[in-house]
Amino acid sequence: EVETAIKVVVVGNGAVGKSSMIQRYCKGIFTKDYKKTIGVDFLERQIEVNGEDVRLMLWDTAGQEEFDAITKAYYRGAQACVVAYSIVDRDSFEAVEEWKKKVNEEVGEIATVLVQNKIDLVDEAVVTAEEAEEQATRLNLKFYKTSVKDNTYVDDVFRFLAERYLAE
Ligand code: GDP
Ligand code: MG
């Protein structure tokens with residue numbers, strides 16, 4: 001039996017928690033000052049979906065997202081996508097549509113989720129719940145509110161993507 005492997009790209013403005021999310025999901029750790037491991041393109045985790053082994057390969061960026069320097073190699077062959085922003089970063093919320101567009105331009109329509117991260121900081125939120133829901137509805141994206149710090153709903157994000165991909 002051939003195992004299913006899914007390349008997942010995680011996009012969004014800098015500092016929204018993309019690297020932390022990948023580390024959390026694949027290694028089970030959270031650190032305050034995560035630095036990308038030089039030379040590592042992706043981390044992976046294997047899960048079972050409907051009795052099938054699925055290998056999720058989570059691609060991290062080199063932290064150059066603000067300079068639009070993410071190379072085509074990063075997107076190449078991507079089968080699923082996380083568009084992430086932070087509840088305490090207004091610019092990152094407003095950049096969501098651009099990130100989705102960029103992914104679609106490179107690889108077409110793929111399984112995608114919208115993730116609002118850092119919900120543990122909800123007291124400092126600069127995005128209202130209504131705005132967030134409205135955006136998710138408008139972009140027609142499955143929407144998760146996560147805290148990578150507290151490990152809230154992180155697993156659900158990637159399980160959803162695997163299920164959606166397998167259902168295609
Ligand atoms: P990236 O630039 O999108 O890869 O963001 P990082 O993963 O480097 O995270 C940026 C900062 O946000 C780091 O200090 C993380 O520890 C912090 N961070 C990530 N996720 C969360 C979260 O859910 N809650 C809180 N409070 N901080 C987070
Ligand atoms: Mg990063």
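Residues numbered from 1 in each chain as written. Chains lettered and ligands numbered in written order. Predicted model: local features only at pLDDT ≥ 70, side-chain atom pairs only at ≥ 80, totals over all residues. Heavy atoms only, no water.

Engineer: Which residues make up the site of ligand 1, and what values do they have?
Structural biologist: Of all residues adjacent to ligand 1, which total 18 residues, the nearest are Ala-15, Lys-18, Ser-20, Lys-32 and Asp-120. For ligand 1, a nitrogen atom lies 2.7 Å from a polar atom in the side chain of Asp-120. Here ligand 1 has 580 Å² of accessible area as a free molecule, and 84% of this is covered by the chains. Of the residues forming the shell around ligand 1, the biggest block, 3 residues, is contributed by helix α1 (residues 18–27). (Near = heavy atom within 4 Å. Polar contact = N/O pair within 3.5 Å; in protein donor to acceptor, adjacent residues only side chain to side chain. Areas by Shrake-Rupley, 256 points an atom, 1.4 Å probe, with all protein chains shown as cover. Helix = DSSP H or I, 4+ residues; strand = E, 2+ residues; numbered from the N terminus.)

Engineer: Tell me about the sheet that holds strand β2 (residues 42–49), and name the residues and values.
Structural biologist: With mixed pairing, the 6 strands of this open sheet are ordered in space as β2-β3-β1-β4-β5-β6. With one partner strand each, in any of the chains shown, β2 and β6 (142–145) form the two edges of the open sheet. Strand-to-strand twist in this sheet, taken as the mean axis angle between neighbours without regard to direction, amounts to 25 degrees. Across 6 bridges, strand β1 (residues 4–11) lies against strand β3 (residues 52–59) in parallel orientation. The residue bridging Thr-4 from the neighbouring strand is Val-54, located in β3. Against the sheet, helix α6 (residues 154–167) touches β1, β2, β3, β4 (80–86), β5 (111–117) and β6, its axis set at about 170 degrees to β5. (Pairing = 2+ DSSP bridges. Axes fitted to C-alpha atoms, helices over the stretch in contact; angles between N-to-C directions. Contact = heavy atoms within 4.5 Å.)

Engineer: Describe the packing of aromatic side chains, naming the residues involved and giving the relevant values.
Structural biologist: The geometry of two aromatic rings is summed up by the distance between their centres and the angle between their planes. Counted by the stated rule, this structure contains 5 aromatic pairs. Between Tyr-74 and Tyr-75, the ring centres sit 5.3 Å apart and the planes meet at 80 degrees, which makes this aromatic pair edge-to-face. Take Tyr-74 and Tyr-75: they sit in the same class, and that class is buried. Taking NZ or CZ as reference, Lys-7 lies 3.7 Å from the ring centre of Trp-59, over its face. Residue placement shows Arg-45 over the ring face of Tyr-25; its charged tip is 4.3 Å from the ring centre. (Phe/Tyr/Trp six-rings, centres within 6.5 Å; stacked < 30°, edge-to-face > 60°. Buried < 20%, exposed > 50% of the residue type's maximum accessible area, 1.4 Å probe, protein only. Lys NZ or Arg CZ within 6 Å of the ring centre and 35° of its normal.)

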